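# Fold and geometry: a report
Chain by chain, the residues:
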Amino acid sequence: MTEEIDLSKLPPAEPYDKARDEAQRARLMKVWQTPTGWRRISAVNNSSVGKWYLLTSFAFFAFAGFLALLMRAQLAVPNNDLLSQSLYNQLFTLHGTAMMFLFAVPIFEAVAILILPEILGARDLPFPRLSAFGYWCFLIGGIFVCGSVFFGVAPDGGWFMYAPLSSNPDYSGLGADIWLLGLSFIEVSSIAAAVELIVGVLKSRPPGMRLNLVPLYCWYVLVVAGMILFAFPPLIAGDLLLEMERAFGWAFFDPDRGGDPLLWQHLFWIFGHPEVYIIFLPSIALIATILPTFAGRPMVGHSWIVLSAVGVAFLSFGLWVHHMFTTGLPEISLSFFSAASEAVAVPTGIQIFCFIATMLVSKVRRSVPMLFAGGALAIFVFGGLTGVMVALVPFDWQAHDSYFVVAHLHYTLIGGMLFPLFAGVHYWYPFVTQKKMSDKLGRWSFWLMFGGFNLAFLPMHWTGVMGMPRRVWTYDVTDGWAVLNMVSTVGAFIFAAGFVVLAVNVLWPRGKAPLVERNLWNAGTMEWSAEVPDKPWGVRSIPYIHTRYPLWEQKELLGEMDRGEWFLPDAEEGKRELIITDILDARPLYVQRVGGPSYLTLGSAFCLGAVFILATFHLWTLTLLFGAGFVGFTLWWLWTGTSEIPEKPEKEAGRGLVLPTYAQGNNAPGWWAVFITMTGDMTAFMGLVFSYFFYWTALPNFLPDAAKLPGFGWLVIGLALLLAGWITALLARERLAGGGTAQAMALLIAGVPLAALGIGAWCWAAWSAGLNPTETSFDATVWVLILWMGLHLLLDAVMRLYVAARIWRGRCTPRYRADSANLTLFTHFLALTAVVIFALLALFPMLMGVV
């Protein structure tokens, strides 16, 4: 609770006035209404973007599921020729890729964008236009990757795209480029959503909702979004290395030139294993939210569940070698990663036991959501047990790359992710549509899917133990796998029938069906405070929350919110407004204005998508043109929608609470967005640093002779110039705060040539030493580090000129200088990157005795 304002002792609300209430509602409706007709594509409300995300994710799921049915039809009988070998390879690659990158992760973001603001009691997330931008990136990238199969050029190297098969264009063709660049583009949307969700949970909580009161769902969102921030960037680094080798011949994975294909496996699985928990934890979050509702009591072990989720996230980053036991690693590594793989069962088990304890101490109401939740726990526990088996090195050596692993993977993901998700679909469908799904169809879909799933995947344990390898196109009758494969195929089609029933239940028109009652399930969390019929503003007034289950424990809350007795009940300035609170105690800090409907996000995503697609075909001129278009749209978006100077410095937010209307530094969500984004960026950079040390440990002659090292003197000069550029940003911030706008602009612009000279000195240091990135892995690593720095300096130059222009036009002033604070934060990370690169190129070889 804030020391300045005791929220529990605010003055009472003004007596209810119907005319005032109607006037406030009218203004809120005008400000928050969603565009209609074809203009709807400009919408940025979380309710609209969340629905688009949800439907698009399920469309990609249906597509990937259809590919799976084709594969099962191919494997139903021995020596089948329904599909060609080439097409089969494309189908299983796209199936895995679409399920993991276009459904499992995006569906988490879809659900979170849709319901997180309402669970928090907020109007929207802090960057609604960023949510819309992320969605359009996801849609364009998904269509690009999936559409490739219709032209016969889909990727066919598996969803893990192992080198050296994928690093040689002669073997893998255009499909590998589509996979690399298409998914890199989609990862942009994932990271954008992660930034939005982290800042949303940390800064958009309602006043009074301290950390210990945060709903379990929000804790899981925070944990998983943080995992995305640390798991996806190493894959981006790997994508960069692999694409540089494919497109320009740089030597990263070719053993003949000092490369090592195992590096790709490390970078991929540093992403790939946490990915399993990125998929699993959000669905467990759905059960953690649904279960208390039907148990009619708070969750048992709330704090233990939070700690366990954090523990799972932490341990998941130490398990990646779990997938590489058969690659010839040292025994000490095998022992460590085997033990770590076993250890993750402990926090996972704590969460499951808390769920069981909650059911044991209450009388659980029967419902379709609980039917799916119960099925999920049963399947997931079975999949977890086989996970413990494959975590044991001797067993993994026998089962590796067999159908046993296919069975384990699907038991874990479908039990841990898909069934909880379907429980959530039935649970939140009335929240989204104000209509109720058919319980009868819900039960039919559950039993078809539950029975079909076990019929399909349980026999795969035996086919795996009998020796059937993964990813085989066909087999011979003498292998003895025919009956089990036929059973699996029948089960797969029964599962698909269950999904069709579910889809019919969801999409069935219910235009004349009556609206559901408010808080249909008698839940305790805030999303069920939404009025029926729903309104585009989210909550009528942003409440003061001081309990974990407000709708159960704050009896008068709904009436108070509906009468506009809490915060921001009006939109008298015609702005979309949120309350930003502090991270620990949710003390109200200021009123944030967010952007409304806009086409700029769509234009920005379209141009960025074109950059990735055109680069796939090496159309470099067009790529540069659309890159310029992306920069233009993004700057226009930032110029017109962020850090706007308010018409008044503060406003009355309700109940006598007066809050500022502008914030900068670490009070502002924008500052946190930059900090979180750059943390992810540094993680990608650490992927490159990891590559450097991987080569050093794996290759005895990685470091060359002194004559082949970049010139030390030029490296020192380059670092000095880069740090001088960083200092100009610091001085510019100080001069702006002191009123010296002209000096601030001059310092910002002066930093651009300093950075250019600095990176030029580093390029000369490598060039004059004769380093050729196509010859050895050391040369390629040096150049990719310099390239990384150069790309960031290019972004730094654009940002400096942008902030200077904002100062010149009076949009960034000595009093309102959030843009300058954000730029300075970016340059801190840039300076750190420069120092680390200098240490790798100049100091580490000296330390190792290369002189």
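Residues numbered from 1 in each chain as written. Predicted model: local features only at pLDDT ≥ 70, side-chain atom pairs only at ≥ 80, totals over all residues. Heavy atoms only, no water.

## Quick look at the overall build of the chain
- Helix and strand counts for the chain come out as 24 helices and four strands.
- Expected size for 851 residues packed as a compact globule is a radius of gyration near 29 Å; at 28 Å, the chain falls within 12% of this value.
- For the chain, the spread of C-alpha atoms along the three principal axes comes to 80 × 75 × 50 Å.
- Taken over 851 residues, the chain has a buried fraction of 60%.
- Sequence-distant contacts in the chain: of pairs separated by 6 or more residues, those separated by 24 or more amount to 81%.
- When the accessible surface of the chain is summed, it comes to about 32,300 Å², and 69% of that surface belongs to carbon and sulfur atoms.
- For the chain, the centre of its 51 positive side-chain charges and the centre of its 56 negative side-chain charges are spaced 11 Å apart. (Helix = DSSP H or I, 4+ residues; strand = E, 2+ residues; numbered from the N terminus. Rg over C-alpha atoms; globule rule 2.2 N^0.38 Å. Buried < 20%, exposed > 50% of the residue type's maximum accessible area, 1.4 Å probe, protein only. Contact = heavy atoms within 4.5 Å. Areas by Shrake-Rupley, 256 points an atom, 1.4 Å probe, with all protein chains shown as cover. Lys, Arg positive; Asp, Glu negative; His and termini not counted. Charge placed at Lys NZ, Arg CZ, Asp CG, Glu CD.)

## A closer look at the UniProt feature "domain: Heme-copper oxidase subunit III family profile" (unreviewed entry) in the chain
- As recorded in UniProt, the sites labelled "domain: Heme-copper oxidase subunit III family profile" (unreviewed entry) are residues 672-846.
- Annotation note: span residues 672-846, helix share 81%, strand share 0%, distance between end C-alpha atoms 38 Å. (UniProt positions renumbered as here; feature names shortened; annotations may be inferred.)

## Structural notes on helix α19 (residues 620-641)
- Along its 22 residues, α19 runs 31 Å from first to last C-alpha, staying within 8% of the 32 Å computed at 1.5 Å per residue.
- By the burial criterion, the buried members of α19 are T623, G627, T634, W637 and G641. Seen end-on, α19 carries its buried residues on one side only, within an arc spanning 90°. Seen from the open side of α19, the exposed residues pointing more than 90 degrees away from its buried face are T621, L624, L625, A628 and W636. (Expected span 1.5 Å × (residues − 1). Arc of directions from axis to C-beta.)

## Details of the side chain of T827
- Relative to the elements of secondary structure, T827 occurs in helix α24 (residues 818-847).
- Apart from residues no more than four positions distant in its own chain, T827 is found in contact with W726, A729, D796 and R800.

## A look at the packing of helix α9 (residues 331-343) against helix α10 (residues 345-360)
- The contact between α9 and α10 brings their axes to 5 Å, and the two run at 5°. Between α9 and α10, the angle is such that the two are roughly parallel. Along the contact surface, α9 presents S341, E342 and A343, while α10 presents A345, V346 and P347.
- Classifying every residue of the contact of α9 with α10 gives four nonpolar, one polar and one charged. (Axes fitted to C-alpha atoms, helices over the stretch in contact; angles between N-to-C directions. Parallel < 35°, antiparallel > 145°, perpendicular 65-115°, else oblique. Nonpolar A, V, L, I, M, F, W, Y, C, P; charged D, E, K, R; others polar.)

## Observations concerning helix α18 (residues 600-616)
- With 17 residues, α18 extends 25 Å between its outermost C-alpha atoms, agreeing within 8% with the 24 Å of an ideal straight helix rising 1.5 Å per residue.
- Within α18, 14 of the 17 residues are buried, which leaves it mostly tucked inside the rest of the structure.
- Of the residues one or two after α18, H618 is the one with positive phi, at around 60°.

## Things to note about the UniProt feature "domain: Cytochrome oxidase subunit I profile" (unreviewed entry) in the chain
- UniProt marks residues 32-536 with the feature "domain: Cytochrome oxidase subunit I profile" (unreviewed entry), using the numbering shown here.
- In the segment residues 32-536, helix accounts for 69% and strand for 0%; the C-alpha atoms at its two ends are 6 Å apart.

## Regarding the nonpolar core
- Ranked by size, the top nonpolar core spans 266 residues in total, and within it Y217, W264, F355 and W762 carry the most contacts.
- At 23 residues, the largest contribution of residues to this core is made by helix α3 (residues 85-120).
- Once you skip the residues sitting within four places of it in the chain, Y217 turns out to touch V111, A112, I115, L116, I119, A285, L286 and T289.
- Ranked by size, the runner-up nonpolar core spans 12 residues in total, among them A732, L748, I807 and C812. (Core = buried A, V, L, I, M, F, W, Y, C linked by side-chain atoms within 4.5 Å.)

## As for unusual backbone geometry
- Cis geometry marks the peptide bond from A163 to P164, where omega comes out at 10°.
- Structurally, P164 is set in the loop between α4 (128-147) and α5 (169-203).
- Geometrically, the link from V532 to P533 is a cis peptide bond, its omega value of 0° lying close to zero.
- Among the structural elements, P533 can be located in the loop between α15 (482-507) and α16 (550-553).
- Look at Q434: it is not a glycine, yet its phi comes out positive at around 60°.
- By relative accessible area, Q434 is classed as buried at 8%.

## Examining the pattern of salt bridges
- Scanning the entire structure with this criterion turns up 22 salt bridges.
- One salt bridge connects D570 with R27, and the closest N-O pair in it is separated by 2.8 Å. Taken together, the residues D570 in the loop between α17 (557-562) and β1 (576-581) and R27 in helix α1 (residues 18-32) connect sequence positions 543 residues apart.
- What makes D570 buried here is its relative accessible area of 13%.
- Among the ionic contacts, a cluster of salt bridges with common partners joins E573, E577, R593, E647, K648 and K651. (Salt bridge = Lys/Arg side-chain N within 4 Å of Asp/Glu carboxyl O.)

## As for the pairing of strand β2 (residues 588-594)
- Extensive coverage of β2 is indicated by the burial of six of its seven residues.
- In this structure, the hairpin formed by β1 and β2 is closed by a connection of six residues, where A586 is found at a positive phi of approximately 55°. (Pairing = 2+ DSSP bridges.)

## Focus: a nonpolar patch on the surface
- Together, V77, L455, M486 and V490 make up an exposed nonpolar region whose accessible area comes to about 270 Å².
- Relative to the elements of secondary structure, M486 occurs in helix α15.
- Taking the relative accessible area as the measure of exposure, M486 reaches 35% and is therefore partly exposed. (Patch = residues over 30% accessible without salt bridge, like charges linked within 9 Å, V, L, I, M, F, W, Y side chains within 5 Å.)

## Focus on the environment of P292
- As for its position among the elements, P292 is in helix α7 (residues 262-295).
- As a C-alpha pair, P292 and V223 span 69 residues in sequence and 21 Å in three-dimensional space.
- If sequence neighbours within four positions are ignored, P292 has contacts with I287, R297, M299, Y549 and W552.

## Thoughts on the packing of aromatic side chains
- Applying the stated rule across the entire model yields 80 aromatic pairs.
- Here the aromatic rings of F268 and F271 are separated by 5.7 Å at their centres, their planes lie at 75°, and the arrangement is edge-to-face. Of this pair, F268 and F271 both sit in helix α7, three residues apart, roughly one helical turn.
- By relative accessible area, which is 0% here, F271 ends up buried.
- Measuring from centroid to centroid gives 5.4 Å for F446 and F450, while their planes differ by 25°, and the two rings are stacked. Of this pair, F446 and F450 both sit in helix α14 (residues 439-465), four residues apart, which is roughly one turn of that helix.
- Given the relative accessible area of 3%, F446 is considered buried.
- Each residue in the set F101, W159, W179, F232, W250, F252, F253, W264, F268, W269 and F271 is aromatic and connected to the rest through ring pairs, giving one cluster.
- The ring of W639 carries the charged tip of R806 above its face, separated from the ring centre by 5.3 Å. (Phe/Tyr/Trp six-rings, centres within 6.5 Å; stacked < 30°, edge-to-face > 60°. Lys NZ or Arg CZ within 6 Å of the ring centre and 35° of its normal.)

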